[in-house]
Amino acid sequence: MFLSLKKNKDFVPITEHVLNTAEKVTCSGAAAFVIHNDKVVLEDYFGSQSNKSGSRKVQEDTQFHVASVRKSYIGFAVACAVYYGKIKTIDDLILHYLPGLNEDIWKDTTIRHVLTHTHGLHKKEDTVFREFPAGENWSYRQVGIDVLTELIKQTTGKTVSEIVHEQVFNPFEFNESDWYAQKHEKLVDVILRDESDKNWNVSESTEGNKMNMYVSARELAYWGYVHLKEGYLNGKQMIPKEIIQMAATVQSPSTIDKNLPQNGFLWFVKDLPAEKTEIGQSVPKESYQILGYTGVTLLVIPQENIVAVRMFNSFGSPEGYDYLSDVRSFGDTVMRCLS
């Protein structure tokens, strides 16, 4: 599926934007990759995979820790479960499929609520509690992701990783995208500003349920390209387009405030001019994006036939760095390049 490289100087501002961000965050390496009109128009790599002396340079096969960008693969697995009839509808109650959950806490909570961060639940010290009624607000909480990965396993009999490998990684020969139990030479070190940061954790699970996914810049861009083409590649429909359409269109309940973010199957989707969106103001409607705590970002703009990726091996936001403003400006920079 690899596309031809035809560098276009019009997209140099994206490289400049990535380098500017790299100076603001704590990282040792970065990358930028853009596909436009079915050609690779920008591919740049910077720095090293670690801040240790003599570390490997960031290059084509370097795999970055993608943090929450992994949720786009989880959303895809849920879409597969719906398409193949393992889940009847996303408006089914979570308790219908996971009856072992606390009924008092999870009642009235649907799969749609969990997919769109509108479930209203939070978890502290192994205790799940409700912050607001399901469907009435928006909050980005890990508890919903944990339930989705279990939902996939219970309804399909397969892990997120198994579904994604079968549907995507194997047919498209993606060899630089996976969940890893152990580090290897092509994986970046994640540069922590604070070694005691409780948001950082490692795992040996390869089921796709934990925060240990690493992807190269080019394969993350190709993942976006699979969505852009709605699964039609190499002259055939390799993934049912309905799966992509479910995942990458607005699924948020109509009950939430219009200024809250809109989501597809965990993707952030540009629809209403929401004040709290992570997508740039000039990015057109029906575009979608996903962002990770490492600064990794994947933006798909169907109206412009473009996919843009930026990668860093940072973690979190240094004092004074506004990551939402920065990621919005990334999308706006992409749009300026097109004009």
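Nothing here was measured: the structure is a model prediction, and the numbers come from that model.

1. Comments concerning the overall build of the protein
Part 1 of the reasoning: Scanning the protein from N- to C-terminus turns up 10 helices and 13 strands.
Part 2 of the reasoning: For 339 residues, the compact-globule formula gives about 20 Å, and the C-alpha radius of gyration of the protein, at 19 Å, lands near that figure.
Part 3 of the reasoning: If one aligns the C-alpha atoms of the protein with their principal axes, the spans along those axes are about 55 × 45 × 40 Å.
Part 4 of the reasoning: The proportion of buried residues among the 339 residues of the protein is 59%.
Part 5 of the reasoning: Contacts spanning at least 24 positions in sequence make up 61% of the contacts within the protein whose residues lie at least 6 apart.

2. Description of the sheet that holds strand 11 (residues 288-291)
Part 1 of the reasoning: Judged by pairing direction, the sheet is antiparallel, and its six strands sit side by side in the order 2-1-13-12-11-10 without closing on themselves. Bordering the open sheet on either side are strand 2 (39-47) and strand 10 (268-269), each of which pairs with just one other strand.
Part 2 of the reasoning: Of the pairings in the sheet, the one linking strand 12 (residues 297-301) to strand 13 (residues 306-312) comprises five bridges and is antiparallel in character. In the sheet register, Leu298 faces strand 13, and the bridge partner there is Val309.
Part 3 of the reasoning: Contacts from helix 8 (residues 217-228) reach strand 1 (29-36), strand 2, strand 11, strand 12 and strand 13 within the one sheet, and its direction differs from that of strand 13 by about 150 degrees.
Part 4 of the reasoning: Of the strands in this sheet, strand 1, strand 11, strand 12 and strand 13 are in contact with helix 10 (residues 323-338), which crosses strand 13 at around 140 degrees.

Each value, and the rule that gives it
- Residues numbered from 1 in each chain as written.
- Predicted model: local features only at pLDDT ≥ 70, side-chain atom pairs only at ≥ 80, totals over all residues.
- Heavy atoms only, no water.
- Helix = DSSP H or I, 4+ residues; strand = E, 2+ residues; numbered from the N terminus.
- Rg over C-alpha atoms; globule rule 2.2 N^0.38 Å.
- Buried < 20%, exposed > 50% of the residue type's maximum accessible area, 1.4 Å probe, protein only.
- Contact = heavy atoms within 4.5 Å.
- Pairing = 2+ DSSP bridges.
- Axes fitted to C-alpha atoms, helices over the stretch in contact; angles between N-to-C directions.

No statement about biological role is implied by the geometric values presented.
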